[in-house]
Amino acid sequence: MKHHRIRVSEFGWGEGAFSSSLKRRLLHPKCFAIRLLPQREGWSAARLGGLMQRFLSGLRDGVGFDILLISIAMLFLIAMAGLPLVYNVLMSFQQVDMFTLGSFIRPFAGIQNYIDVVRQPEFWLVTRNTAVFVFFSMAGQFVLGFALALFFAQKFPGAATIRGLFLVSWVMPGLVVGAIWSWILAGDFGVLNAILKSLGIIQSNIFWKSDPSVSIWAVIIANIWLGLAFNMLLLSVGLAGISRDLYEAAELDGANAFQRFWTITLPMMRSTIGAVLSLGLIGTLQQFDLFPAITEGGPANTSTVAQYWSWQMSFQLYDFAKGATISVMMLVLVLFASIIYVRSTRHEVRG
Amino acid sequence: MTAQIELKNIEKHYGSFHALKNVSLTIDKGSFVALVGPSGCGKSTLLRSIAGLETISSGELSIAGKTMTGVPPRHRDIAMVFQSYALYPHMTVEENLTYSLRLHGVGKAEAKAKAAEVAQTTGLGQLLPRYPRQLSGGQRQRVAMGRAIIRNPKAFLFDEPLSNLDAALRVQMRKEIRALHDRLGATSVYVTHDQIEAMTMADWVVVMRDGIIEQQGRPLDLYDHPVNRFVAGFIGSPAMNFIEGKIASDGRAVNLVGGERIPLARQAEPNQPVVAGLRPEHMKLATGTPTFHFPVGNVESTGSATYLTSADGHLQLVQSERSTVSVGDRVGVEIDPALIHLFDPQSGKRI
Amino acid sequence: MTRPYVPWLLLAVALALAAVYLFPLYWMYITSLKSGSEIFANPPTFWPREADPSVYGAVWSRRTMSTFLWNSTLIAAGVTAITVIFGTGCAYVLARYRNVWVDVGLFAILMLQVLPASVMVTPLFVAFNQFGLLNYPRTAVVLAAAAKAMPFFVVLVRATFMTVPRELEEAALVDGNSRMGAFFSIVLPLARNGILVCAILTFMSSFGEYIYSKSIIQDPSLQPASVGLSGFLGPNSTDWNSIMAYSAIYVTPILAVFVLLQRRIVSGLTSGALK
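Residues numbered from 1 in each chain as written. Chains lettered and ligands numbered in written order. Predicted model: local features only at pLDDT ≥ 70, side-chain atom pairs only at ≥ 80, totals over all residues.

Participant: Could you give an account of the overall build of chain C, naming the residues involved and the relevant values?
Facilitator: From N to C terminus, chain C includes 12 helices and 0 strands. Oriented by its inertia axes, the alpha-carbon framework of chain C measures out at about 75 × 70 × 30 Å. Within chain C, buried positions represent 55% of all 275 residues. Intrachain contacts of chain C at a sequence separation of at least 6 include 76% that bridge at least 24 residues. (Helix = DSSP H or I, 4+ residues; strand = E, 2+ residues; numbered from the N terminus. Buried ≥ 20, exposed ≤ 12 C-beta atoms within 10 Å, placed from the backbone. Contact = placed C-beta atoms within 7 Å.)

Pasting the structure below:
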């Protein structure tokens with residue numbers, strides 16, 4: 001196979017405005033380089049020029065352009081996410097304290113960090129809290145989100161617009177959401193208690209944030225509110241993807257609304273539901289901002305979950321090794337969720 | 001005649017899929033060549049390889065005498081009309097037409113004049129300030145044509161350009177494209193799956209299947225002398241009838257399974273099994289002694305022609321006269337022995 | 001079968017649901033207008049007896065909100081710039097090709113999308129410390145938050161690029177443009193709206209970024225509004241009208257942009273979010 005070398009004249013073919021300015025920039029250093037090289041090394045200058053031309057033409061016309069585009073992003077992500085991830089695992093096997101924080105070589109700790117973390121008195125409490133937080137947040141977001149998605153799938157004026165308004169919760173800063181709910185859930189003067197009392201549901205105030213038996217629920221309620229809208233949106237997309245003909249056919253076959261839901265909606269939504277649930281798990285494990293805003297993990301760690309505990313270890317107790325260790329343990333959970341997520345969206349990935 | 005596009009031993013692999021197998025083709029300057037074949041036969045891949053949109057795995061491709069290996073599309077000086085027209089939706093008709101001129105550094109006034117001129121020839125006069133979405137299918141098609149002819153390229157490449165038009169418009173555009181080709185003295189390569197388009201428009205038809213060129217030649221040569229059963233069945237509408245039989249011991253006739261015999265105009269090798277190919281339009285209802293008989297299973301009349309189909313669905317006959325034949329009749333058929341094609345049942349090759 | 005009043009009934013129910021759901025927002029604005037004593041009224045008042053917006057001015061100056069919001073804007077702008085510049089090209093390539101490397105890239109991106117910031121913050125902090133980046137804390141936050149925001153952006157923008165027919169780009173190549181030229185003159189203009197929506201979403205989410213800023217930025221004059229809010233927020237907070245006024249000042253611009261662009265944001269999300 002012959003390589004076609006593009007002559008400079010051909011290379012500098014008239015282009016659009018963008019390309020011509022680019023051409024000037026790209027061409028100039030090359031000419032400059034050739035002029036700088038001594039005459040007797042002309043052959044290597046020519047070869048260099050040829051290589052350079054091939055490189056540049058690959059950049060403009062070939063796959064080089066794509067490689068350039070993707071590699072910048074990938075290098076950035078590897079530097080800012082991939083390497084830290086590896087580093088995190090590494091730190092969980094090292095002694096990291098205020099003295100060794102800045103040094104690159106630290107004493108190896110084996111699995112001592114893991115043993116220490118499990119032996120922490122609050123370990124099981126935090127594990128339980130995490131499980132409760134994840135399960136009930138997801139369940140609440142999903143069930144309410146699905147109900148709303150079904151409701152907004154009806155045809156009525158303004159359905160799409162009103163549904164869209166629900167998404168404000170999703171674009172608000174988590175800390176602000178936390179602040180608002182912290183006030184709504186306040187024990188003595190919170191509006192939620194006032195409403196519940198006036199409806200006769202409770203007799204006396206619930207101290208959402210300071211009662212150890214309900215403090216985790218304070219954060220769960222806020223988190224359900226926060227994540228509900230996004231669940232609803234994704235489920236709405238799935239619902240919209242089911243052909244109306246199917247429902248009409250089922251109706252002609254004599255299926256009532258409930259049977260239609262069980263025999264058509266749910267089976268057709270299976271991959272959507274898989275994706276929504278795994279995204280819900282991921283989102284719940286990512287939820288951080290509500291904790292410092294509402295309970296700060298208290299009282300007595302009764303509302304601390306793994307992600308907040310890990311952060312407290314690192315940034316309040318400066319025990320970075322334990323912080324890293326906890327987050328590695330959490331990571332295992334996240335990877336599990338993401339495998340489900342990727343599997344449920346795989347058909348899309350494959351196109 | 002000089003060769004404008006020359007393909008030598010072109011191979012193309014997509015992973016394990018062998019899309020083009022040792023394709024060699026010479027396209028003369030000023031000729032109109034149609035690449036025709038069923039979908040997946042490699043005709044589009046071949047066209048895109050000429051355009052430089054696909055890189056060929058091996059072989060040599062030259063345009064106007066210059067080797068094009070590794071040359072990006074923009075340096076090949078060819079124009080292409082896409083199946084979807086590929087009009088730039090964010091540009092007006094005029095901007096679409098002059099896009100390539102602007103890229104090649106043609107001045108504004110000159111480009112404008114050229115666009116007006118092309119609009120005149122393609123009947124787009126009043127549409128220059130419109131956007132593609134404001135045009136009808138036929139008008140879009142004309143813009144795509146105009147965009148191709150505006151810069152007088154070395155070759156025009158058409159990728160099924162008429163398949164999105166309705167039948168009537170397709171017939172009209174067929175004539176217009178051919179007339180344009182003749183007026184410009186252009187070299188055109190035209191990909192289609194419609195053999196009628198290929199037969200009516202092209203001077204040279206290339207029939208492809210599974211990545212190889214089955215046969216190439218002038219349209220009527222392909223019709224009269226198909227080299228194999230595939231080409232025989234592909235060219236001509238309605239498709240050729242194939243009847244299995246065996247050459248008689250004297251070599252002057254084909255003995256059919258049912259015991260009837262079709263006389264041949266020439267001597268064939270005796271006693272070999274053959275497939276006889278009979279074009280529906282060559283078979284006539286017998287006035288004298290019929291060559292063979294078949295029971296009629298279906299009668300369709302379009303007014304200008306009558307289509308008779310045998311009860312087993314294998315045979316079809318077209319006659320231009322009205323017919324009194326009805327379903328269930330057993331009709332006698334005669335055929336000019338010189339118009340009978342013989343193929344090898346195993347290889348499909350012409351005997 | 002359907003009676004004509006049913007849609008209006010549904011609309012009424014929908015409005016009621018929206019009212020319940022958006023009550024926390026209402027409560028934020030109402031509380032911020034109440035006086036210091038009225039917020040502790042029992043039962044609470046659902047409409048302020050005497051609307052008093054003076055707390056806004058007080059919070060703005062006392063809490064140095066202009067500094068906080070400026071820092072939030074800077075950080076969000078930085079994150080958005082990096083995400084858009086790096087992420088757009090990446091999304092384009094992932095949309096254009098179908099091969100095993102693209103699958104690997106997509107898989108990696110999806111994996112990165114799921115990493116919690118709370119997992120990443122410890123190693124990032126330690127590494128930034130080692131490389132001296134903590135001396136430029138806002139830059140450090142921008143880099144960390146951009147890596148967090150980019151996967152989501154790439155997934156959404158990739159969906160946008162997939163709606164641009166490949167033939168348009170090929171037509172541009174045949175017409176005489178280079179890959180690079182075709183990308184900038186054909187593909188980018190056609191994907192512009194989708195990219196814009198995703199950029200706005202990125203900006204909004206990084207405008208509220210908290211965990212990286214809280215962990216990395218120590219100097220109050222460099223902290224964003226989220227950290228500023230956390231400074232007077234805790235289980236035992238009492239000056240709720242100030243907190244709600246601060247919150248209102250903080251989120252109102254975001255809410256305004258969201259309501260204005262709601263349609264586009266929702267359609268941008270629905271086309272790409274589930275992918």
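More follows now that the structure is in view.
Participant: If you had to explain the sheet that holds strand β4 (residues 58-63) of chain B to someone new, which residues and values would you point to?
Facilitator: Residue and element names in this part refer to chain B. Here 4 strands make up an open sheet; going across it, the order is β2-β1-β4-β5 and the pairing antiparallel. Here the strands that pair on one side only, and so sit at the sheet edges, are β2 (17-28) and β5 (66-67). By the bridge criterion, 2 bridges tie β4 to β5 in an arrangement that is antiparallel. Along β5, the bridge assignment pairs S62 with T67. (Pairing = 2+ DSSP bridges.)

Participant: An account of the interface of chain A and chain C is needed here, citing residue identities and associated values.
Facilitator: Many structure descriptions define interface size as the accessible area lost when the parts assemble. Tallying the contact residues gives 93 residues for chain A and 90 residues for chain C. With 16 residues, helix α4 (residues 63-91) of chain A is the largest single contributor of residues to the side of chain A that touches chain C. Grouping the amino acids of the side of chain A that touches chain C by side-chain chemistry returns 61 nonpolar, 23 polar and 9 charged. (Nonpolar A, V, L, I, M, F, W, Y, C, P; charged D, E, K, R; others polar.)

Participant: Residue-level account of the sheet that holds strand β9 (residues 204-209) of chain B, with values.
Facilitator: Residue and element names in this part refer to chain B. Strand order across the open sheet formed by 6 strands is β6-β7-β8-β3-β9-β10, with mixed pairing between neighbours. Every interior strand has two partners, whereas the edge strands, β6 (78-81) and β10 (212-217), have only one. Direction aside, neighbouring strands of the sheet carry axes that sit 20 degrees apart on average. When strand β3 (residues 32-36) meets strand β8 (residues 188-192), the two strands line up parallel, connected through 5 bridges. When the bridges of β8 are listed, V33 appears paired with V189. (Axes fitted to C-alpha atoms, helices over the stretch in contact; angles between N-to-C directions.)

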